[in-house]
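# Secondary and tertiary structure notes
This is what each chain is made of:
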Amino acid sequence: MAQTSPGIGGLTYDAKKRAWPAEFNVFLALVILVGAFELIGRVFLGDSFLFNTRDNVDAIFNQQRLEIIILQVSIVGIIAIGVTQVIICGGIDLSSGSVVGATAMIAMSFAQVATVNGNPNPKAMFVGWTDLPVIVPVLVAIGCGLLAGLVNGALIAYTRIPPFIATLGMMVTARGIAKWWSKGQPISFPTESFAGIGKGLMPVVIFISLAILFQLILTYTKYGKHCYAIGSNEDAARMSGIKIANHKILVYVIASILASLAAVVLCSKNLTAQSGMGVMYELDAIAMAVIGGVSLSGGRGSIIGTVIGSLIFGVIISGFTFLRLDAYYQEMVKGVIIVGAVVLDQWRQRRRAIGA
């Protein structure tokens, strides 16, 4: 029998023939998808998907459109980094989108200016708590994520209720808090320093920086090894001395804090906070992770794969816009992608079981 050794992200390598990393297959799918849109564009539209060849006005429009899509993918991608760790650890988080909404409302309340065009800010939530340093709303956001993660993690670790139910409850609660905070009214007029967080390509920089950081953490630290161990076999991890409850709480705290940071970037970019922010972000984040090779059964996956999965989402949205298809087709395709990603994950698991 050929000797095998464990690899990063739960991959197994044959001593004689090394298997391709799962991330390579996902990247190959991304290349094929880009090639398909490029071919369709040139054949049916006489235009290039990657390199616009029409007049300058249309080229500028497409550049702005692609930039908006990349920024949107980056914000959801920040959430997906946290969701990836939760899934690797054998859990699920349905609350991240609602945490974004609640955090955006609360954090923006501490990021407002005192005056607008020389007049008192008509949307100021707290008189006397305006023009605060940018670190204040950021810390408030982190605090919101910390609280949400502690509640999620404690419920899952100590009451033993399924992660689906615990995070579903947080999803409903956080969305209710977002609507209650300002009685459903948007909160606007942030300080210049707060607005700078989401300006230009800063969301992309933040997303890539966090992705690199947590890829290194999952690969080279005890935290990462414990995530894979718990997701692969929780009983064996417990017997080896890993403190399961503490680790699960930590994972959910990190995921919620990342969702809160995504909320800061989102409301900073939009210069306003609304209670409906983050709707369906949790499903997009889960789909990005699963498309990127993260197994819903736990113990397998990587941040690199999730980043590629987020790029696939961005390419699909960009491609549909390029082909001038209506937005509701995008929602239909997203639904198919989510179901297809789960089917693909199940197929990968059965294939590994047969080959074991």
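This text gives an overview of the structure that appears in the document. All values reported here derive from a predicted model rather than from experimental measurement.

### Thoughts on unusual backbone geometry
Most peptide bonds are trans, and most residues other than glycine sit at a negative phi. Within the chain, Asp-131 stands out as a residue other than glycine whose phi angle is a positive 55°. Tracing the backbone shows Asp-131 in the loop between strand E4 (119-120) and helix H4 (135-158). Backbone geometry places Lys-183, a non-glycine residue, at a positive phi of 55°.

### Examining the packing of aromatic side chains
Under the defined criterion, the tally for this structure stands at 6 aromatic pairs. With centroids separated by 5.2 Å and ring planes inclined at 35°, the aromatic side chains of Phe-110 and Phe-126 adopt a geometry described as tilted. A residue pair is termed long-range when its members are at least 10 positions apart, and Phe-110 in the loop between helix H3 (96-109) and strand E3 (115-116) and Phe-126 in the loop between E4 and H4 qualify at 16 residues. Judged by its relative accessible area of 15%, Phe-110 is buried.

### Digging into the packing of H3 against helix H10 (residues 244-270)
As a packed pair, H3 and H10 sit with axes 8 Å apart at the nearest point and diverge in direction by 55°. Compared by their axis directions, H3 and H10 come out oblique. As H3 runs across H10, the sense of the crossing is right-handed. Packed against H3, whose contacting residues are Ser-96, Val-99, Val-100, Thr-103, Ala-104 and Met-108, the element H10 presents Ser-256, Ala-259, Ser-260, Ala-263, Leu-266 and Cys-267 at the interface. Among the residues making up the contact of H3 with H10, the classes are represented as 8 nonpolar, 4 polar and no charged.

### Overview of the environment of Gly-292
Assignment of secondary structure puts Gly-292 in the loop between helix H11 (281-291) and helix H12 (303-322). When the C-alpha atoms of Gly-292 and Phe-27 are compared, they prove to be 8.7 Å apart, with 265 residues separating the residues in sequence. Non-local contacts of Gly-292, meaning those with residues more than four positions away in its chain, are made with Val-26, Gly-305, Thr-306 and Gly-309.

### Considerations on the environment of Phe-51
Position of Phe-51 relative to the elements: it lies in the loop between helix H1 (22-45) and helix H2 (56-88). We classify Phe-51 as exposed; its relative accessible area is 58%. Taking the C-alpha atoms as reference, Phe-51 lies 9.1 Å from Glu-38; in sequence the two are 13 residues apart.

### Thoughts on the pattern of salt bridges
Considering all chains together, one arrives at 4 salt bridges under this definition. Of the charged contacts in the structure, one is a salt bridge between Arg-238 and Glu-234, with a shortest N-O distance of 3.1 Å. Of this pair, Arg-238 and Glu-234 are both found in helix H9 (residues 234-239), 4 residues apart, which corresponds to roughly one turn of the helix. With a closest N to O distance of 3.3 Å, Arg-238 and Asp-235 form a salt bridge. Taken together, the residues Arg-238 and Asp-235, both in helix H9 and 3 residues apart, mark about one turn of the helix. When salt bridges with common partners are traced through the structure, they connect Glu-234, Asp-235, Arg-238 and Lys-248 into a single cluster.

Reading guide: rules and limits
Along each chain, the written sequence defines residue order, and numbers are assigned to residues from 1. Confidence filtering applies because this is a predicted model: local features only for residues at pLDDT of at least 70, side-chain atom pairs given and counted only at 80 or more, and all residues used for totals across whole chains, interfaces and linings. Just so you know, side-chain values use all the structure's heavy atoms and leave hydrogens and water out. Where helices and strands are cited, they refer to DSSP runs of H or I of at least four residues and of E of at least two residues respectively, numbered from the N terminus. Paired rings are identified among Phe, Tyr and Trp, the last through its six-membered ring, by centres lying within 6.5 Å, and are further divided according to the angle between planes into stacked (under 30 degrees), edge-to-face (over 60) and tilted (the rest). Per-residue accessibility, obtained with a 1.4 Å probe over protein chains only, is compared with the maximum for each type, and a residue is labelled buried under 20%, exposed over 50%, and partly exposed between these values. The convention used is that axes are lines fitted to C-alpha atoms, helices contributing only their stretch in contact, and that angles between N-to-C directions extend from 0 to 180 degrees. Orientation categories follow fixed angle ranges, with anything under 35 degrees roughly parallel, anything over 145 roughly antiparallel, 65 to 115 roughly perpendicular, and all other angles oblique. Crossing handedness: left-handed means the near helix sits turned counterclockwise from the far one by under a right angle, and right-handed means the same turn made clockwise. In what follows, a contact means two residues having at least one pair of non-hydrogen atoms within 4.5 Å. The classification used treats Ala, Val, Leu, Ile, Met, Phe, Trp, Tyr, Cys and Pro as nonpolar, Asp, Glu, Lys and Arg as charged, and all other residues, Gly among them, as polar. The rule for a salt bridge is simple: a side-chain nitrogen of Lys or Arg has to be within 4 Å of a carboxyl oxygen of Asp or Glu.

Nothing here speaks to function; it is geometry throughout.
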